[in-house]
Amino acid sequence: MTKILVVGGGRISLSHIPHLIASGAEVSVVEPGFVNRVICKHFFGIEVRKKLKNYNISIFDLALVLTPPDSHFDICKELVRANVNCFVEKPLSTSASDSLELLRLAREANVSLFSGYVYRYHPMILKLKDIVKEIGPLDEFEVSFQMLSNVVNKDTSSSWRTKDGMGVLGDLGSHLFDLALYIFNCSDLELISASGCQIFSSNALDKFSAIFSDGKTSYKFEANWSCESARKASLIIELKSPSCTIKTDMQSISIQNNGSEREINISECFTDVEYYLRGEEFQSQLQFVLETLNKNEGFIDINAAVVDDMVSKVRGFV
Amino acid sequence: MTIFFGDNQFLGVNHSGGRSNEYFAAYADKNKVLRTLNDALDSGISDFSFTVSDRTVGAYLEFIKTNPEVNLHPCFPYAQFVNNKLTQKGTLGYSLELAKKAGFLSILKSLNHYFLFKESTELMKVITTVFTSEIPSKNLKSLSLLNVFVDLLIGAGRWDILIGFIQACRELEVEANFYTMNPTRLMETLWANGRNADVRITFNFNQKGFRMNPNQDIVMETCKRFEGHKITAMSLFSGGDNQAFKFVENKSYIESVLFGSSSKSRIINNVNKFRALGF
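Residues numbered from 1 in each chain as written. Chains lettered and ligands numbered in written order. Predicted model: local features only at pLDDT ≥ 70, side-chain atom pairs only at ≥ 80, totals over all residues.

Residues and elements named next belong to chain A. Packing of helix H4 (residues 96-109) against helix H8 (residues 302-317) brings their axes to within 8 Å, and their N-to-C directions diverge by 170°. Taken as axis vectors, H4 and H8 run roughly antiparallel relative to one another. In this structure, H4 meets H8 at a crossing whose hand is left-handed. Residues Ala-96, Ser-99, Leu-100 and Leu-103 of H4 lie in contact with H8, whose contacting residues are Ile-302, Ala-304, Ala-305, Asp-308, Asp-309 and Ser-312. Its residues assigned to classes, the contact of H4 with H8 comprises 6 nonpolar, 2 polar and 2 charged. (Axes fitted to C-alpha atoms, helices over the stretch in contact; angles between N-to-C directions. Helix = DSSP H or I, 4+ residues; strand = E, 2+ residues; numbered from the N terminus. Parallel < 35°, antiparallel > 145°, perpendicular 65-115°, else oblique. Left-handed = near helix turned anticlockwise from the far one by under 90°. Contact = placed C-beta atoms within 7 Å. Nonpolar A, V, L, I, M, F, W, Y, C, P; charged D, E, K, R; others polar.)

Put into structure tokens, the structure is as follows:
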């Protein structure tokens, strides 16, 4: 039976732990907070301890690091050094150099390092990636990524999300950067311009926009997590070239290519999963992690470190 | 056989992102919600299912003032609402807010019962009260747990909490309903050996098999085995409007349907077609 250690029993653990239990894994949790510790212990009926040092971590096949991002580096370093495969919620760390160091340590220890960019497993993103591949190389095009939500407003109390080093850039922006790398396989992106502002947070950005380019294609990113009109996090991706326009709002994809038009709805995509909670992508993500480990195929998420570099560049610019 | 009128359109749920925010903005005006509810009532619908949220409760309370005969079927907890609260107030802050609403004594009593006797009926009664205290009992016909919570309990193997909710509903003399994206697991466990036949289960059922987990064939096969139980089909139109009616035709195990719409003509058309099929 796969032994999995979940480090951090906060809200996101409620999404991951049921999937792990449903997969038949033996799950243990580290959680310093009393309330979350009681919830995990009594709700899931699993072993919960206060500190990482209370466990002999080397017995675990996999650890899920679900703590605030500024703690990822130290926790991951300890786990990787004990030869434990790690899945780290995004972003990998809050510094590009720390993320690169984690990749180096994982390679050195011969363990896998996954990151929680869950949109990669969303049926619409998988379909979009297929469509982009199907259309083939485009001479010139521009892509825009926009994410809006309403999670930080006047009633929001300060948390790790609204601290310096995170903000909308680390929280939503990292998803957008990752999707650009994942869908378009782009590399060597250079920051052209960036702007951002605080709306309700005092130490972090609530809104930002940035343009990167690889010399040929322009990638525009925008995110605002204090958008009053957003019911829930919405993501829109649009690709434009002289011959083709592709747009998705994660429920459907519209394609106009050389005069022809078509639309694909999410209900036409393959969405079957053994166990569903919050979205197929959560099940598919953990399934990928567990299958990779079962097959003994190593995996190092290089893109996650590239994303952190992009975040650092924008932060430095703004 | 019942036709339930849902409220996804009021909350912008399950619509394409752009339209989702459009619907959400359009129904910010309570009068528009009331107009759509009256359209549904005019079409002959008397059962109204809705998610308990800041936006909906006030509108439905006003709706029943002029239409005291309608049946209300509140659903909770609304994931988006709870998620926003947790982000804003933190786990402890939101727990304290709920405890205040329920009454600290009731919470203490029910938690005591839960930890001492491992029995969750009292706790579920308190939670139910927190979410539905404003709804008059004469209109309250069922209480529903929404799929995020139900599926979380299924994944965690906490069948005892689901049973606690069923028991709480029986004591409150209302029907218990569960929304789920894992219908096979839920039907197999809850309804096994003739148990809990009074409980309703509501899930996606459409021609394309969209979000019918683990897959459409298995879900349909399981439904057949539980024919006679309270099975409500939702998201019927995910397979396309024209196919929806054909797809439920002759599927005698589908006991009722749930749909929502913002267009009066569409509501009337759907109701007429469902009625023609025997719903």
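With an omega of -10°, the peptide bond running from Lys90(A) to Pro91(A) counts as cis. Tracing the chain through its elements places Pro91(A) in the loop between strand S5 (85-88) and H4. Cis rather than trans, the peptide bond between Asn213(B) and Pro214(B) has omega equal to 5°. Here Pro214(B) is to be found in the loop between strand S6 (200-204) and helix H11 (216-225). Positive phi outside glycine occurs at Asn296(A), with the angle close to 60°. Within the secondary structure layout, Asn296(A) lies in the loop between helix H7 (280-294) and H8. In this structure, Arg211(B) takes a positive phi of about 55° despite not being glycine. The topology assignment puts Arg211(B) in the loop between S6 and H11.

A few words now on the pairing of strand S8 (residues 256-259) of chain B. All names here are of chain B. As defined by bridge partners, strand S1 (residues 2-5) adjoins S8 across 4 bridges and the pair is classed as parallel. Looking at S8, one finds that Thr-2 is bridged to Ser-256. Inspection of the sheet shows strand S7 (residues 230-234) paired to S8 by 2 bridges, in the parallel sense. Its bridge partner lying in S8, Thr-232 is registered against Ser-256. With helix H12 (residues 241-248) bridging S7 and the parallel S8, this β-α-β connection has right-handed handedness. (Pairing = 2+ DSSP bridges. Right-handed = clockwise from strand over helix to strand, strands pointing away.)

Here we come to the confidence of the model for chain B. A residue-level look at chain B finds 97% of positions with pLDDT of 70 or above and a mean pLDDT of 90. Model confidence for the complex is summarised by a pTM of 0.90, with the ipTM given as 0.89. (pLDDT = per-residue confidence, 0-100.)

The interface of chain A with chain B comprises 36 residues on the first partner and 38 residues on the second. Of all the secondary structure elements, the ones that give two or more residues to the side of chain A that touches chain B are helix H1 (11-22), helix H2 (34-44) and strand S11 (234-240) of chain A. Of the residues forming the side of chain A that touches chain B, the biggest block, 6 residues, is contributed by H1(A).

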